[in-house]
Amino acid sequence: MTQAALTVTALHRYPVKGLSPEPLASAALEPGGYFPGDRLFAVENGPSGFDPASPVHQPKIKYLMLMRNEALARLRTVYDDATGILVIREGGREVARGDLATPEGRLAIEAFFRRFVPKELRGPPKVLTAPEGYRFTDSRSGFVSLINLASVAAVEDMVGAPVDPLRFRGNLHVTGLPAFAELDLVGAELATEAGLRLTVTKRIVRCAATNVDPATGERDRAIPEALQKALGHADCGIYAEVMSGGEVREGDVLRVVR
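All values reported here derive from a predicted model rather than from experimental measurement. (Residues numbered from 1 in each chain as written. Predicted model: local features only at pLDDT ≥ 70, side-chain atom pairs only at ≥ 80, totals over all residues. Heavy atoms only, no water.)

*Asks:* Looking at this structure, how should I read the overall build of the chain?
*Replies:* When you go through the chain residue by residue, the secondary structure sums to three helices and 15 strands. At 18 Å, the chain has a C-alpha radius of gyration in line with the 18 Å of a compact globule built from 258 residues. Counting only C-alpha atoms and orienting by the principal axes, one finds that the chain spans roughly 60 × 40 × 35 Å. When each of the 258 residues of the chain is scored for burial, the buried share is 51%. Long-range pairs, those at least 24 residues apart, make up 70% of the contacts in the chain between residues at least 6 apart in sequence. Accessible area of the chain: about 11,600 Å², with a carbon and sulfur share of 52%. Between the averaged position of the 31 positive side-chain charges in the chain and that of its 32 negative side-chain charges there is a distance of 5 Å. (Helix = DSSP H or I, 4+ residues; strand = E, 2+ residues; numbered from the N terminus. Rg over C-alpha atoms; globule rule 2.2 N^0.38 Å. Buried < 20%, exposed > 50% of the residue type's maximum accessible area, 1.4 Å probe, protein only. Contact = heavy atoms within 4.5 Å. Areas by Shrake-Rupley, 256 points an atom, 1.4 Å probe, with all protein chains shown as cover. Lys, Arg positive; Asp, Glu negative; His and termini not counted. Charge placed at Lys NZ, Arg CZ, Asp CG, Glu CD.)

Here you go:
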């Protein structure tokens, strides 16, 4: 029997929770670590109770995020790891810039969000920085997320319209499996010839964030509802934990080991 395999077609990180993706050519994954540069920051929507000295996973509703704040999808953001500077653009024009390592830089970004979504704020917006060993992921075990492009194509059939894979905000886009076959990989291992090993930990339950067009910010689809109607659940994509580290690149093959 032929061993199942997935081919990595794209890599993305999301430095700030709820804001735009950054494409990558490769990423160095470390055992037990999160996807590099992913969900390093979040914008608190009013006091959340998050304590960086003793970080506890918080529900995403406590932050600005696409499920409730679809206008965020109109923004294009770039975070520079070397300088700590976040640049925000809207309609091709720079609208905010700040060094997230400094109080002044964070204040500049916070001031922008006070202007951008004033009616959606429950209190002062505050830029939060993830302490070592913590990330602002939706799931406590959301180390690396994988999106099966065949499943996305099946969702297109369900809703009768194009669906951008970026709606699912995954780290790795993969091909090679039938639609939704990734959901049966929980507990399996994914391995490259170079020695990278991931263990699939859980399915990803989709929320209303997938209904938002990542290019326009329009809430124009009903994806969780379509999944529920067609499959009896709203799962699409999987989370995996890094067991043995290594580089992952576009074109790499992840073989399924049971």
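Anyway, onward from the coordinates.
*Asks:* Hey, could you run me through the layout of surface pockets in this one?
*Replies:* A water-sized probe rolled over the atoms picks out the places where empty space is left. Taken as a whole, the largest pocket encloses approximately 420 Å³ of empty space. Every residue lining the largest pocket is counted, 27 residues in all, and those nearest its centre are R39, K60, D138, R206 and Y239. At four residues, strand β12 (residues 197-205) tops the list of elements feeding residues into the lining of the largest pocket. Per-class residue counts for the lining of the largest pocket are nine nonpolar, eight polar and ten charged. If you add up the space inside the second largest pocket, you get close to 300 Å³. Around the second largest pocket, the lining is made up of 13 residues, and of these E30, Y34, E132, G133 and R135 lie nearest the centre. For the lining of the second largest pocket, the class distribution of residues is eight nonpolar, two polar and three charged. (1 Å grid on protein atoms, 1.4 Å probe; cavity = no way out; pocket = protein on both sides within 12 Å on 5 of 7 lines; lining within 4 Å. Points joined across faces, edges and corners; volume = space filled by probe spheres on them. Nonpolar A, V, L, I, M, F, W, Y, C, P; charged D, E, K, R; others polar.)

*Asks:* Even after reading the chapter, I still don't get the side chain of E44, so can you show me in this structure?
*Replies:* Within the element layout of this structure, E44 appears in strand β4 (residues 41-45). If sequence neighbours within four positions are ignored, E44 has contacts with G49, K62, Y63, P124, P125, K126 and L128.

*Asks:* When you look at the pairing of strand β3 (residues 26-29) in this model, what are you seeing that I'm missing?
*Replies:* Side-chain direction in a regular strand flips from residue to residue, so the side chains alternate between the two faces of the sheet. Here β3 shows a clear split, with A27 and L29 buried on one side and none of S26 and A28 buried on the other. Here β3 runs beside strand β14 (residues 246-249); their pairing, made up of four bridges, is antiparallel. Opposite L29, over in β14, you have G246 as the bridge partner. (Pairing = 2+ DSSP bridges.)

*Asks:* Please explain the packing of helix α2 (residues 149-159) against helix α3 (residues 223-231) as it appears in this structure.
*Replies:* In a packed pair of helices, the relevant descriptors are the angle between the two axes and the axis-to-axis distance. Interaxial distance between α2 and α3 falls to 10 Å at its minimum, and their mutual angle equals 90 degrees. Classified by the angle their axes make, α2 and α3 are roughly perpendicular. Contacts between α2 and α3 involve V155, M158 and V159 on the former and, on the latter, I223, A226, L227, A230 and L231. Grouping the constituent residues of the contact of α2 with α3 by class yields eight nonpolar, no polar and no charged. (Axes fitted to C-alpha atoms, helices over the stretch in contact; angles between N-to-C directions. Parallel < 35°, antiparallel > 145°, perpendicular 65-115°, else oblique.)

*Asks:* Can you walk me through the side chain of T210 in this structure?
*Replies:* Along the chain, T210 falls in the loop between β12 and α3. The contact partners of T210, leaving out residues within four places of it in the chain, are R167, F168, I223 and P224.

*Asks:* Can you help me understand the packing of aromatic side chains in this one?
*Replies:* For any pair of aromatic rings, the description consists of the separation of the ring centres together with the inter-plane angle of the planes. Scanning all chains against the criterion turns up eight aromatic pairs. Where F41 meets Y79, the ring centres are 5.1 Å apart and the plane angle is 65 degrees; that geometry is what we call edge-to-face. Taken together, the positions of F41 in strand β4 and Y79 in strand β5 (residues 75-79) put the pair 38 residues apart, joining distant regions of the chain. A centroid spacing of 5.5 Å and a plane angle of 75 degrees characterise the contact between Y63 and F136, whose relative ring orientation is edge-to-face. Of this pair, Y63 sits in the loop between β4 and β5 while F136 sits in the loop between β8 (125-129) and β9 (144-148); the two residues are 73 residues apart in sequence, bridging distant segments of the chain. Take F136: its relative accessible area is 1%, and that puts it in the buried class. One aromatic cluster is present, formed by F50, Y63, Y134 and F136 through successive ring pairs. (Phe/Tyr/Trp six-rings, centres within 6.5 Å; stacked < 30°, edge-to-face > 60°.)

Worth remembering: the numbers are spatial, not functional.
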